[in-house]
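Here is how the chains run, residue by residue.
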Amino acid sequence: EFGSDSIVPVSVAAMKEYYKQFDPRSYLRYNYIPPRADFTRTDSIVPWKLSCLHRAFQEGDVHGRTLIDIGSGPTIYQLLSACEHFSNIIMTDFLEVNRQEIRRWLHGEPDTFDWTAFLQHACELEGKGCSWPEKAKRLRTAIHDVIPIDVHSPNPLHPYSLPELADCLVSSFCLEAVSPDRTSFQKALTNLGTLLKPNGHFLMIGALDESYYQVADGVHIPVVPVDQEFVSATLKSCGYEICTFQCYTLPQDMKVGVDDVAGIFFVKAKKK
Ligand SMILES: Nc1ncnc2c1ncn2[C@@H]1O[C@@H](CSCCNC[C@@H]2Cc3ccc([N+](=O)[O-])cc3CN2)[C@@H](O)[C@H]1O
């Protein structure tokens, strides 16, 4: 007997049905304002994520021309460090509403989400005295495309054909939130591997032990709970070596009722 709010996804098709209810503005409101995005707190989630990404690129071994952001959603923060090291960034998402949200920000349209504090924080991390408008301009210049993706397809970007494989993949909170089970998570990771050059890097951020999240008022999407052991083992079984694996445990006041996330992981992996 399942609890009233437990959700039992049965297939990839069922997950795609759930995503028809995804509301970008609600999603941004739930996850990208304080306390989860509070730059005055060292224990807030977004500053932790931005510092992981900053460090990953600062090590100097992640570089090249093409970077693909997998399942971008309606957010751009995940590329604030990447845009200093890659000139050809391709953003992707399953939903047109999310691709549209990103395009509106890229075109500087009014009434888009305010990423200023995120841009300012990234400039502070880099310590090169750049201003947030300069950072925004650099990010907009590096993002060359916003295209559809389905990680459950053996050819995830079909019908778009990549002129060259990516030197780096970035993905934030996608695989665990779009896969009905762990087998499907692993298969999606295998599909994504076809987009990445050998010796290319995969920088993944994800939720630990999450079983659902809210995408609009009263609409919950199921998530396959994953932990460090499963994510590491799956990356290794897909031909990656783990360079870095970092975990963040949510303080009680970061649990704001929009999901049951226990922690966040950041993994930097290299494709053999
Ligand atoms: N088949 C598919 N292939 C590729 N992308 C797909 C597919 N289906 C849906 N998508 C696309 O992937 C989705 C990515 S957003 C998924 C949200 N993940 C869970 C959410 C995130 C989050 C954020 C921040 C924090 N925090 O603590 O700060 C916690 C959490 C935990 N809850 C969405 O853009 C959808 O449009």
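Quick caveat: nothing in here was measured; it's all calculated off a predicted structure.

Reading guide: rules and limits
Residues numbered from 1 in each chain as written. Predicted model: local features only at pLDDT ≥ 70, side-chain atom pairs only at ≥ 80, totals over all residues. Heavy atoms only, no water. Helix = DSSP H or I, 4+ residues; strand = E, 2+ residues; numbered from the N terminus. Rg over C-alpha atoms; globule rule 2.2 N^0.38 Å. Buried < 20%, exposed > 50% of the residue type's maximum accessible area, 1.4 Å probe, protein only. Contact = heavy atoms within 4.5 Å. UniProt positions renumbered as here; feature names shortened; annotations may be inferred. Polar contact = N/O pair within 3.5 Å; in protein donor to acceptor, adjacent residues only side chain to side chain. Pairing = 2+ DSSP bridges. Axes fitted to C-alpha atoms, helices over the stretch in contact; angles between N-to-C directions. Parallel < 35°, antiparallel > 145°, perpendicular 65-115°, else oblique.

The helix and strand inventory of the protein chain stands at nine helices and nine strands. Here the C-alpha atoms of the protein chain give a radius of gyration of 17 Å, agreeing with the 19 Å that 2.2 N^0.38 yields for 272 residues. With respect to the principal axes defined by its C-alpha atoms, the protein chain has extents near 55 × 40 × 35 Å. With 272 residues in all, the protein chain has 56% of them scored as buried. Of the contacts made within the protein chain by residues no fewer than 6 positions apart, 72% connect residues no fewer than 24 positions apart.

In this structure's numbering, the residues bearing the UniProt feature "binding site: S-adenosyl-L-methionine" (unreviewed entry) are Y27, Y32, G71, S72, Y77, D93, N98, D150 and V151. For the residues just named, distributed over 125 residues, the greatest C-alpha separation reaches 24.2 Å, placing them at more than one site. Within the fold, D150 resides in the loop between β3 (143-148) and β4 (166-172). Of note is the side chain of D150, whose polar atom sits 2.8 Å from the backbone nitrogen of H152. Tracing the backbone shows V151 in the loop between β3 and β4. When residues no more than four places from it in sequence are discounted, the contact partners of V151 are I70, P156, L175, V178, A188, N191 and L192.

This part takes up the pairing of strand β5 (residues 196-208). When a strand is regular, its side chains alternate between the sheet's two faces. Counted residue by residue, β5 has ten buried out of 13 residues, so it is predominantly covered. Pairing between β4 and β5: six bridges, direction parallel. In the strand pairing of β5, S172 is matched with I205. Summarising the sheet, β5 and strand β9 (residues 263-271) pair through eight bridges and their orientation is antiparallel. Within the sheet, the bridge partner assigned to F202 lies in β9 and is A269.

This part is about the packing of helix α2 (residues 24-31) against helix α4 (residues 96-106). Two elements in contact, α2 and α4, have axes whose closest approach is 10 Å; the angle formed by their N-to-C orientations is 70°. Accordingly, the angle class assigned to the pair α2 and α4 is roughly perpendicular. From α2, P24, R25 and L28 reach across to α4, where they touch V97, N98, E101 and R104.

Next up on the list: unusual backbone geometry. A cis amide bond links P34 with the next residue in sequence, P35, at an omega value of 5°. A cis geometry characterises the amide bond from H158 onward to P159, with omega recorded as 5°. Its place among the elements puts P159 in the loop between β3 and β4. In the Ramachandran plot, F173 falls in the positive-phi region, its phi being about 60° despite a non-glycine side chain. Tracing the backbone shows F173 in the loop between β4 and α7 (175-178). A positive phi is found at N199, a non-glycine position, where the angle reads about 70°. Within the secondary structure layout, N199 lies in strand β5.

Moving on, we come to the environment of A166. Topologically, A166 is positioned in strand β4. Look at A166 and you get buried, because its relative accessible area is 0%. Taking the C-alpha atoms as reference, A166 lies 6.5 Å from I68; in sequence the two are 98 residues apart. Setting aside residues no more than four positions away along its own chain, A166 makes contact with T66, I68, L195, L196 and K197.

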